[in-house]
Amino acid sequence: HGINAASVRSLTIENTKIHTFSGDGLHLDQGRTPPGWNDVRIEGCQFWLSALTDDTAGFAAGSIPGENAIETKTWNDAPTANLTVVDSRFWGFENGIDTTDQAAILIREHVSATISRTTVHDSTIAFRLRGPTSARPHGPTVHIDNTLIHNVTTAIQYEDDLAQLNLWHLTVGTNITNPIV
């Protein structure tokens, strides 16, 4: 991962470029560690993947070992974790070696995510939003506004009866096979 953060509090990632990684650019609480994370802000950042130019760390040249720009997980008993993403850009999350549901942004579990003034392009899925499951009974609340999405297979993919999704002032541009799934 570019950044792997467990039980972080008040983390701001600002004006940062994260690219050419395996796994996720920012993975929030991969191990679902008590007491959970909260108040993560990403502002003015760029996350992208591109094919490796050389054999690197067991990955062949030409492969794309990364998965998602951002992935969230939470500990079941943690309070709602807050994530804010503003003025940021995401691209290149397609044709990866480990996933068929590769997304620029994957929000799941007990998270309140506000995503504003972003651009997502050249990816399989721009936003993959997963509701509650039997193992993870608290689904996310997601608000996306003032965002441009283009050149993706799927703009918004929401799953598992996601109950809280607000889309406001989205521009769904050209070369999108599925605007909403």
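Residues numbered from 1 in each chain as written. Predicted model: local features only at pLDDT ≥ 70, side-chain atom pairs only at ≥ 80, totals over all residues. Heavy atoms only, no water.

## Focus: the nonpolar core
Soluble globular proteins tend to bury their nonpolar side chains together. For clarity, the cut-off: We define a nonpolar core as any set of buried Ala, Val, Leu, Ile, Met, Phe, Trp, Tyr and Cys residues linked to one another through side-chain atoms lying within 4.5 Å. Relative accessibility decides the category of a residue: with a 1.4 Å probe and only protein chains considered, values under 20% of the type maximum give buried, values over 50% give exposed, and everything between is partly exposed. Where helices and strands are cited, they refer to DSSP runs of H or I of at least four residues and of E of at least two residues respectively, numbered from the N terminus. Any two residues whose heavy atoms approach within 4.5 Å at even a single point are treated as in contact.
One finds Phe-47, Ile-70, Leu-83, Phe-90 and Phe-127 to be the most contacted residues of the largest nonpolar core, which totals 38 residues. For this core, the element with the highest residue contribution is strand S13 (residues 141-159), accounting for six residues. The contact partners of Leu-83, leaving out residues within four places of it in the chain, are Leu-28, Trp-37, Val-40, Ile-42, Ile-70, Thr-72, Ile-107, Val-111, Ser-112, Ala-113 and Thr-114.

## Overview of the packing of aromatic side chains
Quick reminder of the rule: Here a Phe, Tyr or Trp ring, Trp counted by its six-membered ring, pairs with any other such ring whose centre lies within 6.5 Å, and the pair is stacked when the planes are under 30 degrees apart, edge-to-face when over 60, and tilted otherwise. Comment: the charge-over-ring label is applied if NZ (Lys) or CZ (Arg) is within 6 Å of the ring centre and within 35 degrees of the ring normal.
Counting across every chain of the model gives three aromatic pairs. Note on Trp-48 and Trp-91: the rings are 4.9 Å apart at their centroids and 5 degrees apart in plane angle, and the pair reads as stacked. Placement of the pair is Trp-48 in strand S6 (residues 46-48) and Trp-91 in strand S9 (residues 89-91), with a sequence separation of 43 residues. Look at Trp-48 and you get buried, because its relative accessible area is 17%. Above the face of the Trp-91 ring, Arg-89 is positioned so that its terminal group lies 4.1 Å from the ring centre.

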